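What follows is each chain in one-letter form.
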Amino acid sequence: MKLRSPIITLLTGAVVAVGLWIASMNAATSATTAYGGSATPTPAASPTVASAGAASTAPAATPSPTTTSPSVSPSETTSNGFIIPDHANYVGPVQAGGGAIAIVLHDSIAIAYYCNGKTIEEWMKGVPAHGHLELAGKNGAHAEVDYALGHARGHVHVDGFSYTFSVIAVHKPSGLYQSIAVVRGATVKAGWIVLANGTEVGSVELDPNAPAPKAQAAPQLNLTNLTANDGGVTITAKSIDGETGSGF
Amino acid sequence: MAAQFGTPDPQATRRDPIYQPDNVAKILVIPALIGCVVALTIGLYGKLHHATGIAVNIAGFSSPGSVKAWLATVAAVLALVQIGSALVMYGKVPRVSAPSWIGGLHKWSGRIAFIATIPVAVHCVYALGFASYSTRVLIHSVLGCLFFGAFTVKMLVLPKRGVPGWVLPVLGAVVFAALILIWFTSAYWFFSTFGIKR
């Protein structure tokens, strides 16, 4: 029986869809991390890789549970040979020019902040679990992160878009800063991410309680006294720092 | 996006006052059920599958979002061609008689529009999933499922004989309306939020 052309159209669409679906599965698998309690644990994550990643801070780290490295603090653990810190700040840009992300861990609490320096920003919270983190925020914003000493990667989903990121651990003054202030009678919530090279990315939410908050670019944050000038009003920011526990 | 393949021959069959199938529902029930299965499959997979945030990307664009916005815009523009050519074919445009190539225009604009929507839909369903965290996103998710269901019904009904004259225009209108609303809740939102960018 001769196939009618509408059927051929449908079948062509189905074949293209299945092809892209398979390609997407491959793309997602290859982007999945191999460390820190990810969905695809790789037994090949060797202690040499871990110590190379940990550089000078943890030369003696091994995955053996019976060996405790003196240079690693007792609270830190290992997963697949990677050292999993309890206190860390990760910041960096997300892929495809979509903005920046900061992930800050302090013991059992993790805070993540995504912003694009203008219209979109989201605060997310989560609980660290052996190198893996799932964070959630308002409006369905969420992120999945795998992290280890020095490095974190994952995906963040904000307002219907997903961004992949692979970011590094930083120390002050790089990191995450927040300000919640009353300006001209309204509560404004601002966030700044200071990248490893000193670049600031900041957004300010003019009404954090609005159902669909609209953000705009935050005023420049002065890192020496942690203040910013919002249209003539001086607002004060605090550091959210996993290493000192400030802001937690 | 009413890809209307068999060049309509309303005088011969669909509006034939003598030829009336004993039961029109019998012709339409199977395509309708298959369309429902398609829509439900997309929706349930999108809801149950753990959204990965990643799908294949197309080179030359700044982000998956902009690829999708532009492909959706191509589909939406071709959908306007679809409506225009359908109106001409059905003789609804005063003082315009259907040229011989109008059927080909309708078929090929429909085919291209449909294929353009596929990468967008795969990315939506695979990387983002069926979501409901805002009105825009909920409308978009529901209509996305409806669109492919309705398009499937239309394609399956097209080759059938004895279909009442109102069926194809209605199906085409549903497919067109769904696509345009999908475009407004995604590409239009994208361009107005992030600016028109490649």
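All values derive from a computational prediction rather than experimental measurement.

Definitions and limits used
Residues numbered from 1 in each chain as written. Chains lettered and ligands numbered in written order. Predicted model: local features only at pLDDT ≥ 70, side-chain atom pairs only at ≥ 80, totals over all residues. Heavy atoms only, no water. Pairing = 2+ DSSP bridges. Helix = DSSP H or I, 4+ residues; strand = E, 2+ residues; numbered from the N terminus. Axes fitted to C-alpha atoms, helices over the stretch in contact; angles between N-to-C directions. Contact = heavy atoms within 4.5 Å. Buried area = accessible area lost by both parts, 1.4 Å probe. Salt bridge = Lys/Arg side-chain N within 4 Å of Asp/Glu carboxyl O. Polar contact = N/O pair within 3.5 Å; in protein donor to acceptor, adjacent residues only side chain to side chain. Nonpolar A, V, L, I, M, F, W, Y, C, P; charged D, E, K, R; others polar. Phe/Tyr/Trp six-rings, centres within 6.5 Å; stacked < 30°, edge-to-face > 60°. Buried < 20%, exposed > 50% of the residue type's maximum accessible area, 1.4 Å probe, protein only. Lys NZ or Arg CZ within 6 Å of the ring centre and 35° of its normal.

Participant: Explain the sheet that holds strand S12 (residues 186-194) of chain A to me, please; I cannot follow it from the model alone.
Facilitator: All names here are of chain A. If you walk across this open sheet you meet the five strands as S14-S13-S12-S11-S18, and the pairing is antiparallel. Looking at strand neighbours, the two that pair on one side only are strand S14 (215-217) and strand S18 (238-240), the edges of this open sheet. Strand-to-strand, the axes of this sheet are offset by a mean angle of 25°, without reference to chain direction. Here three bridges tie strand S13 (residues 200-205) to S14, and the two strands are oriented antiparallel to one another. From the neighbouring strand, Ser203 faces S14, where its bridge partner is Ala217.

Participant: Whenever I open this one, the interface of chain A and chain B confuses me. Can you help?
Facilitator: Size of an interface, as often reported, equals the accessible area lost when the parts are brought together. Taken residue by residue, the interface counts 33 residues in chain A and 32 residues in chain B. The junction of chain A with chain B conceals about 2900 Å² of combined surface from both sides, 72% of it contributed by carbon and sulfur atoms. The largest share of the area that chain A buries against chain B comes from Thr9, Leu10 and Phe161 of chain A, three residues that together contribute 19% of it. At the junction of chain A with chain B, the criterion picks out one salt bridge. Here Arg136 of chain B makes a salt bridge to Asp159 of chain A, at a shortest N to O gap of 3.6 Å. Across the contact surface, chain A and chain B share two residue pairs in polar contact (both at pLDDT 80 or more). Listed by contribution, the elements that provide at least two residues to the side of chain A that touches chain B are helix H1 (5-31), strand S9 (151-158) and strand S10 (161-169) of chain A. Per-element tally for the side of chain A that touches chain B: the top contributor is H1 of chain A, with 17 residues. Tallied by class, residues from the side of chain A that touches chain B come to 16 nonpolar, 14 polar and three charged.

Participant: Would you mind going over the packing of aromatic side chains with me for this structure?
Facilitator: In this description, a pair of aromatic rings is defined by centroid distance and the angle of the planes. Across all of its chains, the model carries 15 aromatic pairs over all chains by this definition. Residues Phe147 of chain B and Phe151 of chain B carry aromatic rings whose centres are separated by 6.3 Å and whose planes lie at 20° to one another, so their mutual orientation is stacked. Linking Phe147 of chain B with Phe151 of chain B, this pair stays in helix H4 (residues 135-157), spanning four residues, or about one helical turn. A relative accessible area of 1% places Phe147 of chain B in the buried class. Following the ring pairs from residue to residue traces out a cluster consisting of Phe161 of chain A together with Trp70, Trp189, Phe190 and Phe191 of chain B. Over the aromatic face of Trp189 of chain B sits the side chain of Arg136 of chain B, whose NZ or CZ is 3.7 Å from the ring centroid.

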